[in-house]
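Summary of the model geometry
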Amino acid sequence: MATTFDVVIIGAGPGGYVSAIRAAQLGLTVGVVEKDKAGGVCVNIGCIPTKALLHSAEVANLMRHAKDLGVTAGEVQTDYGVAMTRSRKVAEQNSRGVDFLFKKHKIEMVKGTGKLLPGRKVAVAKAEGGTVELTATKAVVIATGSRPKDLPQLGLTIDRSTMISSDEALLLQAAPKTIAVVGAGAVGCEFADVFNAFGSQVTLLEVLPRILPVEDAEMSDVVAKAFKRRGITVAAGAQIQKAEKGKGGVTITYAVGGKPQTLTVEKVLIATGRAPITENLGLEAAGVKLTDRGFIQVDQAMRTTAPGVYAIGDVAGPPLLAHKGSREGMVAAEAIAGLKPHPIDYSGVPGATYCHPEVASVGLTEEQCKERKLEYAVGRFPFSASGRARTAGETDGLVKILSGKKYGEILGAHIAGAHATELIHELVVARANEYTVEEIELAIHAHPTFAEAVAEAALDAMGRVIHI
Amino acid sequence: MATKVVMEALSPTMEEGRLVAWKKKEGDAVKSGETLAEVETDKAVMELVAREDGVLRKVVLPEGSTVPVGALVAIVGGADEDIESQLGVPAAAAPPPQGVGGRVSAGGTPAKAPVAAPTPGAATLATLPPTPSHPTPTPSRVRSSPLARRLAAERGLDLRLVAGTGPAGRVTRRDVEAAGTGPQGRAGLAAAAVAPAAPALAVVAALAAPPGGFRDVPLTTMRRTIARRLAESIGPIPHFFLTSEIEMERAWEARQHLAGLGDATRISFNDLIVKAVALALRQHPAVNASFLDDRIRTYGDVHVGMAVAVEDGLITPVIRNADRKGLLEIAAESKALAERARARRLAPEEYTGATFSVSNLGMFDIDEFTAVINPPEAGILAVGRIAQRAVAVDGQLAVRRTMRVTMSCDHRVVDGATGAKFLQSVKLMLENPLAMLL
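About the criteria used
Residues numbered from 1 in each chain as written. Chains lettered and ligands numbered in written order. Predicted model: local features only at pLDDT ≥ 70, side-chain atom pairs only at ≥ 80, totals over all residues. Helix = DSSP H or I, 4+ residues; strand = E, 2+ residues; numbered from the N terminus. Contact = placed C-beta atoms within 7 Å. Pairing = 2+ DSSP bridges. Axes fitted to C-alpha atoms, helices over the stretch in contact; angles between N-to-C directions. Left-handed = near helix turned anticlockwise from the far one by under 90°. Nonpolar A, V, L, I, M, F, W, Y, C, P; charged D, E, K, R; others polar. Core = buried A, V, L, I, M, F, W, Y, C linked by C-beta atoms within 7 Å. Buried ≥ 20, exposed ≤ 12 C-beta atoms within 10 Å, placed from the backbone.

1. Digging into the overall build of chain A
Regarding its fold elements, chain A presents 14 helices and 21 strands. Residue pairs at least 24 apart in sequence account for 65% of intrachain contacts in chain A once pairs closer than 6 positions are excluded.

2. So, the sheet that holds strand S7 (residues 163-164) of chain A
Residue and element names in this part refer to chain A. Read across the sheet, 5 strands follow the order S7-S14-S8-S9-S10 without closing on themselves; strand pairing throughout is parallel. Sheet topology places S7 and strand S10 (233-236) at the edges, where each strand pairs with a single neighbour. Sheet topology places S7 next to strand S14 (residues 267-270); 2 bridges connect them, and they run parallel. Looking at S14, one finds that Ile164 is bridged to Leu269. Taken strand by strand, helix H6 (residues 186-197) contacts strand S8 (178-182), strand S9 (201-206) and S14, and its axis lies near 165° from that of S9.

3. Brief notes about the packing of helix H8 (residues 269-283) of chain B against helix H9 (residues 327-342) of chain B
Residue and element names in this part refer to chain B. Across the interface, H8 lies against H9 with an axial gap of 9 Å and an inter-helix angle of 120°. Regarding H8 and H9, the two cross each other, and that crossing is right-handed. In this structure, H8 contributes Asn270, Asp271, Leu272, Val274 and Lys275 to the contact, and H9 contributes Leu327, Ile330, Ala331 and Ser334. Split by residue class, the contact of H8 with H9 holds 5 nonpolar, 2 polar and 2 charged.

4. A closer look at the environment of Leu430 of chain B
Residue and element names in this part refer to chain B. When you line up the elements, Leu430 lands in helix H10 (residues 416-431). A sequence separation of 153 residues divides Leu430 from Val277, and the C-alpha atoms of the two residues are 9.3 Å apart. Setting aside its immediate chain neighbours within four residues, Leu430 contacts Ile246, Met248, Ala251, Leu272, Ile273 and Ala276.

5. Looking at the interface of chain A and chain B
In many reports, interface size means the accessible area that the parts give up when they come together. With 8 residues of chain A in contact, the opposing surface of chain B contributes 9 residues. Grouping the constituent residues of the side of chain A that touches chain B by class yields 2 nonpolar, 3 polar and 3 charged.

6. What to know about the nonpolar core
By size, the foremost hydrophobic cluster in this structure holds 150 residues, and its most contacted members are Val7, Val32, Ile142, Val181, Leu204, Val223 and Val268 of chain A. When residues of this core are assigned to their parent elements, the largest contribution, 8 residues, is made by H6 of chain A. The residues touching Val268 of chain A, leaving out its near neighbours within four places in the chain, are Leu156, Thr162, Met163, Ala180, Val182, Ala243, Val250 and Ile252 of chain A. Counting 84 residues, the second-largest nonpolar core is a separate cluster that includes Ile246, Ala251, Ala278 and Tyr299 of chain B.

Next up, the structure:
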């Protein structure tokens, strides 16, 4: 096994593996250190398996209403264990896909736990035992990612049985009868959706005044209404006082609007955020500094404070999103190869939440526009006015575009509804290229499609909406 | 297959051409590049050449016809090919520009000024995108975002002047907003910061253009107002005139000495004047400039045009990089150009691209006169005769050879003091020809 590479990457998640491929494309030799499976959290215990479960959930919900569509399939029964097994298979396939890509690009994967040593060296405690020291002639890239964070001060400590994180939720054999999901960000909302579809009694607790708090308030409303209609208890503005494990499960004491409440559930899913993995990495000794918030400090080219050491993905700071990490991986690889990659516009990184209805967004929310005292116009188009959405029985939600009043530039765009995570990209491309609402509308959108709603929202921003 | 031969734009300002003589007859074999006909343009007699091999099947128009650019004049094709279909349809549009410098509308150059607008010097063509020889900016594709275009349009900013920092140099909103503060201001500040003790140098640094290129300085509001108001007051170019009397004794002596060395070193006063003007333009980049509607362009090269009277008019061949050429070089070049001009054999690149002109009527015993500027140049120097005149020298009446020159200035570009300082430099060099060696 080679121990000297141009680039050594610690972590084979969506940041690390993409960076490795890009570096190999640029003619560099690459070694990737990974203690688990190729693909990291995203492929193995994140994006991919949750989307597989969400698809199962969507089918379950669809089947429950199939009769209305003229399709009868008997009594709908769900089995979380089967859905979980399928999601594992999907994840496994994706991970093998990464292995294949590594082989194709002659990237060497070193199984083990990496630790940075001064002088662009990485000590690997190998999975099969023993250690090996890798040398990077050009650069080391840290792509160790993040892990779920818990709240021990409130008694919410991940114990992997009754108090679980998304890691464990993805491996449950059966859906719990009752579950409290703490934190209503993307992860919390997605699991609330899944467990609800699989028959759990779900309570969604969020300390901030609304679920999906980073999204535009109107999008939060759409999801909250849909969740409530499906029987999810949504408790936003919930101050959790404590959580105690007892015989019947976990009892959570919280208050909403000063009104104390208690809730006893079989399981608690803690989805309050993720923390960067920076410990035992030898960062300090190597001269790699952290930010006040504990992420590795990087510049526009993803360089850390230590010469020849780069950091990408979750460990290099928010937003903690796979696609942001992948792009950082490309930027780092290009910088290492001596190219001048275009710096990342972090304001243009889209967000996507795959609960039903989906939520996707890019840029500023309306509240942020107000805070910044921007002069903006709002263009809205509800899917209830879309012919295509009605044919699919997917009339929840809307497209909302916030455009500059004077020039029509896209300040922010938000979609809640079916296919929102796909539909958003028209607006992501538009915003990244500084198209205005006029350019969006000028492009003819096919009829009947969900995407027409985007064009109509653009028209609405200009005061010329046709179908409402 | 048979191809149409159309009247080509043989000069940058040509709109129509007169077929002086057909050099091939119907039935003659022609090769690509061979001369088909001689065409008289607005500037010279040029050659219309075949673009295809074949046989000249049909001469559509007889000698003496004047036709617009793009009009069908002949058909070249195979010996037995049917050319009826080609004849049946009138040529709809001009072919892609084939002549040197490309085809450009004549609208920007007044008919009375037989000098086309400058293209950057020949050397610059390699490093710059082809600039149309037209004084107004013509739209060309600039990588830019729709939002940047909107912002730029509102601010009256030419996107070509904005450095793009987006992907592949795309001009984005940020770039337009940064440009809004004005490169003139920033360049001035930068120069002042570098050389606070030498303000004169700082001004030159801000105005000086790179060799072979040019620098565009967007108009300030004041400059824009000056331009508009002056233009409103007198015609398209607000002229003003500066006259100076130059003692030519030393120049006379120098020329005599050189002529005494033999024919090989014979130079004319005009050559001396061209050289002095070129050097002065180098010293005063603000005069080596053009007014381009929304900005002032200063040129990195000095190209001096010299008006030459020809039958039925005049033309201004150009001595390129005259500031870098020796007197003998200038002398030889100006002689050759003048001869070709009188024979109406100048190529377009020989009479376009001047950055300043000299018009000399001394040989016609004119004491002094004013000349009309050839746009988009910012000035022209009208040169009168050298004559022995009574002058006061140190309180005594004396007889000296003097020459009166009058500089016409485009007031939108050159202010009184700017022009005067330039003229002082010209005077200094002609009165002390040795200064031209410095």
